Amino acid sequence: MKKITFPQMGDMKIGLKALFAELGFEVVVPPKISKKTLDLGVKYGPEFACLPLKINLGNFIEALEKGANVIVMGGGCGPCRFGYYAEVQRAILEDLGYCFEMIVLEPNLLRDYRHIKKILGNVSLKRLYNGLKLALYKVYMIDNIYRIVLATRALEKKRGEIDSLYSSFLNKIDQASSFKKIKALKDEYQNKIKENINDYQRDERLIIGIVGEIYLVLEPFVNLNIEEKLGKLGVIVKRDIYMSSWLLHFLHLGNEMRKIKKAAENYLDSFVGGHGLDSIGNTVRYARVGYDGVIQLAPFTCMPEIISQTILPSVSKKEKIPVLSLFFDEHTGDAGLQTRIEAFVDLLMRKKIYKDGKLLEKGINYG
């Protein structure tokens with residue numbers, strides 16, 4: 001029997017579980033990312049590979065040990081090394097003696113349908129469509145609630161209550177199998193979260209936008225729970241990178257990318273791979289709607305985000321928005337990250353208070 005697994009990335013597993021269960025397959029979810037996962041990836045992965053590749057490799061080893069025999073992995077094209085992850089991981093896992101099949105989902109899904117069908121078996125297009133529809137609906141509702149979580153952690157009446165509600169929401173939506181139930185859960189928890197905030201404090205809070213490489217943005221283990229840390233520091237967090245928005249872009253749907261390119265055109269007018277262009281365009285957009293600062297998150301050696309990092313000081317200066325660039329690898333420490341974001345938040349607060357001071361007159365990059 002086919003036992004399917006996939007990489008962990010944020011809450012993506014809930015949508016993928018729904019998809020493959022709807023298609024009638026056994027799903028082997030990799031264990032929650034841990035130090036063991038990271039250690040496995042570091043041990044067997046190339047030394048200078050991106051951190052996401054190493055974590056994914058650790059995910060696959062743990063899932064294969066649990067009995068998985070089919071791996072689903074994303075593909076891609078362009079300058080970013082993500083498009084080559086699957087081939088590197090396949091070679092390493094085969095060298096380690098694992099027997100498995102790998103499905104690589106390229107941007108042109110219809111082109112690869114025959115290949116997917118060969119591995120998965122006699123899956124009809126109708127059944128695949130229904131599975132995708134349910135999975136995407138779950139992903140969309142999860143992202144909808146998490147946007148509220150990011151905006152309200154800093155305003156909660158009781159510390160930790162909103163994260164507790166979000167965890168409860170995820171557990172219930174994971175079990176939900178109908179669109180009606182999923183929508184009802186979204187409405188229920190949206191109201192519960194709003195009941196647990198002190199909205200009158202909103203104007204006093206800093207607003208920081210998050211940009212960067214999608215895996216670092218979406219996966220709390222690798223970014224050391226930076227969004228939660230910011231919330232505890234009294235910061236309202238905003239971002240535009242979500243699983244649902246990435247899927248729309250992956251499937252060439254929606255017009256959000258056009259807005260990002262338009263915002264970035266004076267600083268970067270070409271695709272550089274990954275989310276490099278997004279990092280520039282969204283930083284400009286955040287500056288123009290009045291955010292207090294921006295934090296860029298990226299894996300160490302990530303070429304698209306390195307390009308963005310070199311441009312962001314100019315964006316910071318011209319758009320008058322401070323930017324902090326943070327690059328992560330397996331050696332990044334929690335204490336060092338906490339110190340850096342506390343210093344950044346302190347600087348932003350002084351800028352907010354002393355509106356006529358020098359900090360307002362020029363953009364500053366603290367990367």
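Cut-offs and rules
- Residues numbered from 1 in each chain as written.
- Predicted model: local features only at pLDDT ≥ 70, side-chain atom pairs only at ≥ 80, totals over all residues.
- Heavy atoms only, no water.
- Axes fitted to C-alpha atoms, helices over the stretch in contact; angles between N-to-C directions.
- Helix = DSSP H or I, 4+ residues; strand = E, 2+ residues; numbered from the N terminus.
- Parallel < 35°, antiparallel > 145°, perpendicular 65-115°, else oblique.
- Left-handed = near helix turned anticlockwise from the far one by under 90°.
- Contact = heavy atoms within 4.5 Å.
- 1 Å grid on protein atoms, 1.4 Å probe; cavity = no way out; pocket = protein on both sides within 12 Å on 5 of 7 lines; lining within 4 Å.
- Points joined across faces, edges and corners; volume = space filled by probe spheres on them.
- Buried < 20%, exposed > 50% of the residue type's maximum accessible area, 1.4 Å probe, protein only.
- Pairing = 2+ DSSP bridges.
- Right-handed = clockwise from strand over helix to strand, strands pointing away.
- Expected span 1.5 Å × (residues − 1).
- Nonpolar A, V, L, I, M, F, W, Y, C, P; charged D, E, K, R; others polar.
- Salt bridge = Lys/Arg side-chain N within 4 Å of Asp/Glu carboxyl O.

> Hey, could you run me through the packing of helix α1 (residues 12–22) against helix α6 (residues 125–152) in this one?
In a pair of packed helices, the angle between the axes and the distance between the axes together describe the arrangement. At their nearest, the axes of α1 and α6 sit 8 Å apart, and the two run at 160° to each other. The angle between α1 and α6 places the two elements in the roughly antiparallel class. By crossing handedness, the relation of α1 to α6 is classed as right-handed. Here Ile14, Gly15, Ala18, Leu19 and Glu22 of α1 lie close against α6, whose contacting residues are Arg127, Leu128, Asn130, Gly131, Leu132, Leu134, Ala135, Lys138, Val139 and Ile142.

> Could you clarify how one ought to interpret the layout of surface pockets in this entry?
Take a probe with the size of a water molecule and roll it over the atoms, and the empty space left behind shows itself. Put simply, the second largest pocket is a space of about 850 Å³. As for the second largest pocket, its lining consists of 32 residues, of which Gly10, Asp11, Tyr166, Leu170 and Pro220 are closest to the centre. Elements with a contribution of two residues or more to the lining of the second largest pocket: α1, α6, α7 (161–175), α9 (214–218) and α10 (226–232). If you tally residues by element for the lining of the second largest pocket, the top one is α7, at 5 residues.

> What's the story with the pairing of strand β8 (residues 323–328) in this structure? I'm lost.
Within a regular strand, the side chains alternate between the two sheet faces. Among the 6 residues that make up β8, 5 are buried, leaving the element largely enclosed by the rest of the structure. In this sheet, β8 lies alongside strand β7 (residues 293–299) in parallel orientation, the contact comprising 6 bridges. Across the sheet, Gln296 pairs through a bridge with Ser325, a residue of β8. Handedness of the crossover joining β7 and β8 through helix α14 (residues 303–319) is recorded here as right-handed.

> What is the right way to look at helix α3 (residues 51–65) in this model?
Note: α-helices contain 3.6 residues per turn, so residues at a spacing of three or four share the same orientation. For α3, built from 15 residues, the straight-helix expectation of 21 Å at 1.5 Å per residue is met to within 8% by its first-to-last C-alpha distance of 21 Å. Extensive coverage of α3 is indicated by the burial of 14 of its 15 residues. Count one or two residues on from α3 and you reach Gly67, which has phi positive near 110°.

> Quick question: what am I supposed to make of the packing of helix α12 (residues 256–264) against helix α13 (residues 276–288) here?
Between α12 and α13, the least distance of the axes is 7 Å, while the angle of their chain directions is 75°. Put simply, α12 runs roughly perpendicular to α13. Mapping the contact onto sequence places Glu256, Met257, Lys259, Ile260, Lys261, Ala263 and Ala264 in α12 and Leu277, Asp278, Ile280, Gly281, Asn282, Val284 and Arg285 in α13. Its residues assigned to classes, the contact of α12 with α13 comprises 7 nonpolar, 2 polar and 5 charged.

> Would you mind showing me how to read unusual backbone geometry here?
Negative phi is the rule for most residues except glycine; trans is the rule for most peptide bonds. A positive phi is found at Thr301, a non-glycine position, where the angle reads about 80°. Relative to the helices and strands, Thr301 resides in the loop between β7 and α14. Given a relative accessible area of 23%, Thr301 falls into the partly exposed group.

> Just checking my understanding: could you explain the pattern of salt bridges for this structure?
Within the structure shown, the criterion is met by 18 salt bridges. The partner of Asp174 in a salt bridge is Lys17, with the nearest N and O atoms 2.9 Å apart. Linking Asp174 in helix α7 with Lys17 in helix α1, this pair joins segments that are 157 residues apart in sequence. On the basis of relative accessible area, Asp174 is assigned to the partly exposed category, the value being 21%. We note a salt bridge from Arg288 to Glu319, for which the minimum N-O separation is 3.0 Å. Residue Arg288 is found in helix α13, and its partner Glu319 is found in helix α14; the two are separated by 31 residues along the sequence. Residue Arg288 is classed as exposed on the basis of its relative accessible area of 51%. Classification of Glu319 by relative accessible area gives buried; the value is 16%. Taken together, the shared-partner salt bridges in this structure form one network comprising Lys183, Lys186 and Asp187.

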